[in-house]
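Notes for the structure review
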Amino acid sequence: MTHFIVLRSSTAAFKAQSVLRGFKIKSEVDKIAAKGGCRFGIRVEGDADKICRMLALSSIECIEIIKDGGVT
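Rules used in this analysis
- Residues numbered from 1 in each chain as written.
- Predicted model: local features only at pLDDT ≥ 70, side-chain atom pairs only at ≥ 80, totals over all residues.
- Heavy atoms only, no water.
- Salt bridge = Lys/Arg side-chain N within 4 Å of Asp/Glu carboxyl O.
- Helix = DSSP H or I, 4+ residues; strand = E, 2+ residues; numbered from the N terminus.
- Buried < 20%, exposed > 50% of the residue type's maximum accessible area, 1.4 Å probe, protein only.
- Core = buried A, V, L, I, M, F, W, Y, C linked by side-chain atoms within 4.5 Å.
- Contact = heavy atoms within 4.5 Å.

On to the pattern of salt bridges. Under the criterion given, the structure shown has three salt bridges. Close ionic contact of Arg8 with Glu61 constitutes a salt bridge, the shortest N to O distance being 3.0 Å. You can see Arg8 sitting in the loop between β1 (2–6) and α1 (10–22) and its partner Glu61 sitting in the loop between α2 (48–56) and β4 (64–67), a full 53 residues away along the chain. Residue class for Arg8 comes out exposed when judged on its relative accessible area of 61%. For Glu61, a relative accessible area of 43% corresponds to the partly exposed category. Put simply, Asp30 and Arg43 hold a salt bridge, and the shortest N to O gap is 2.8 Å. With Asp30 in strand β2 (residues 27–34) and Arg43 in strand β3 (residues 37–45), the pair connects residues that are 13 residues apart, well separated along the chain. Residue Asp30 is classed as partly exposed on the basis of its relative accessible area, which comes to 24%.

What follows deals with the nonpolar core. When a protein is soluble and globular, its nonpolar side chains tend to lie buried together. Counting 14 residues, the largest nonpolar core has Ile5, Leu7, Ile42 and Leu55 as the members making the most contacts within it. Of all the secondary structure elements, the ones that give two or more residues to this core are α1, β3 and α2. For this core, the element with the most residues is α1, which contributes five residues. Not counting residues up to four positions away in its chain, the partners in contact with Ile42 are His3, Phe4, Ile5, Leu7, Ala13, Ala16, Leu20, Ser27, Glu28, Val29 and Leu55.

What follows is the structure, encoded as structure tokens:
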């Protein structure tokens, strides 16, 4: 299942993508429309909770996990 993990900024999203690349996990930096503007994050396959724990080791905070890649 695809998940969209919301991060604080586009910079955090690119840093997260780099960190995950080191773990051989594919991710895609993207943004979604939200109230008050856009939200930046990464799209990933697999266990989003585990990925957020991995990102926390690099001081990257996951704000929200949206199932199905944030598609509504």
